[in-house]
Amino acid sequence: PRLIREFQLQYPAIEISLFEGTDSEVSEWVQTRVAHAGFAALPVKGLSTIPVTRDEWMAVLPPKDPSPRITLAALAKRKFLLSGGGCESLIRSLFEDASLDLPQSRLLIKQMATIEAMVSEGLGVSLVPATALAHSKKVRTVPLSPKRYRSIGLLLPPTRTHSPLITAWISVVRSFLAIRK
């Protein structure tokens, strides 16, 4: 939202349309030119990308769980609710990279509110990116040990030259990133 606001302040005559979707949907929209640019978890094949930020993975635990941190190995031993809002492949990669089997789960859940409700009832635990958290008091969220992150990037069509509009957007994004460092 801050990027959009900053862009609109600098370029008030340009109207921005916002489409919200999963990482794969956003990637497809940029590839098919439905969208001029997008943000999604990296890596993304077939597009130009500019790394923007990192997003920490957080475990979602029942409210009475005392764990200050938790390992992927500990999560692998519990009933696991797979976050299905587009993070499935990233979560599978986290477990694979740690040489762990993803806990067998018959539950693929797309809405964060549903994950929170099920975890609060003790039906399992989950793993979600920090930006997806609603900071509910019904569940506890704790970082992984060691910490793990997903990379978020700006997705652009695979071309050497961009339109003036996209060049302006890239400039605003880069300026915003420089301010945040």
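Each remark here, short or long, concerns the structure printed above.
Presented here is a report on the structure given in the accompanying data block. Just so it is clear, the structure is predicted and the values come from calculations on it, not from any experiment.

1. Observations regarding the overall build of the chain
Here is step 1 of the chain: Looking only at helices and strands, the chain features 6 helices and 7 strands.
Here is step 2 of the chain: Helices and strands appear in the chain in the N-to-C order α-α-β-β-α-β-α-β-α-β-β-β-α.
Here is step 3 of the chain: Sorting the 181 residues of the chain into buried and exposed places 40% on the buried side.
Here is step 4 of the chain: In the chain, of all internal contacts separated by at least 6 residues, the share reaching a separation of at least 24 is 73%.
Here is step 5 of the chain: Approximately 11100 Å² of the chain is accessible, and the part contributed by carbon and sulfur atoms is 52%.
Here is step 6 of the chain: Here the chain contributes 23 positively and 15 negatively charged side chains, and the mean placements of these two sets differ by 6 Å.

2. Notes on the packing of aromatic side chains
Between two aromatic rings, the relevant description is the distance of the centres plus the angle of the planes.
Here is step 1 of the chain: On inspection of all chains with the given rule, the structure shows 5 aromatic pairs.
Here is step 2 of the chain: Aromatic pair Phe7 and Tyr11: ring centres 4.9 Å apart, planes at 35°, arrangement tilted.
Here is step 3 of the chain: On the basis of relative accessibility, which here comes to 2%, the residue Phe7 falls in the buried class.
Here is step 4 of the chain: Grouped by ring-pair contacts, the aromatic residues Phe7, Tyr11, Phe39 and Trp169 constitute a single cluster.

3. A look at the pattern of salt bridges
Here is step 1 of the chain: One pass over the structure, following the stated rule, counts 4 salt bridges.
Here is step 2 of the chain: The closest approach of N and O atoms between Glu56 and Lys147, which form a salt bridge, is 3.9 Å. Taken as a pair, Glu56 in strand β2 (residues 48–61) and Lys147 in the loop between β6 (140–143) and β7 (149–156) lie far apart in primary sequence, 91 residues in all.
Here is step 3 of the chain: Given a relative accessible area of 39%, Lys147 falls into the partly exposed group.
Here is step 4 of the chain: The partner of Asp65 in a salt bridge is Arg78, and the shortest N-O contact between them spans 2.7 Å.

4. What about the environment of Leu81?
Here is step 1 of the chain: Following the sequence through the fold, Leu81 ends up in the loop between α3 (72–76) and β3 (82–83).
Here is step 2 of the chain: Spatially, the C-alpha atom of Leu81 lies 33 Å from that of Val34, the residues being 47 residues apart in sequence.

Rules and cut-offs
- Residues numbered from 1 in each chain as written.
- Predicted model: local features only at pLDDT ≥ 70, side-chain atom pairs only at ≥ 80, totals over all residues.
- Heavy atoms only, no water.
- Helix = DSSP H or I, 4+ residues; strand = E, 2+ residues; numbered from the N terminus.
- Buried < 20%, exposed > 50% of the residue type's maximum accessible area, 1.4 Å probe, protein only.
- Contact = heavy atoms within 4.5 Å.
- Areas by Shrake-Rupley, 256 points an atom, 1.4 Å probe, with all protein chains shown as cover.
- Lys, Arg positive; Asp, Glu negative; His and termini not counted.
- Charge placed at Lys NZ, Arg CZ, Asp CG, Glu CD.
- Phe/Tyr/Trp six-rings, centres within 6.5 Å; stacked < 30°, edge-to-face > 60°.
- Salt bridge = Lys/Arg side-chain N within 4 Å of Asp/Glu carboxyl O.

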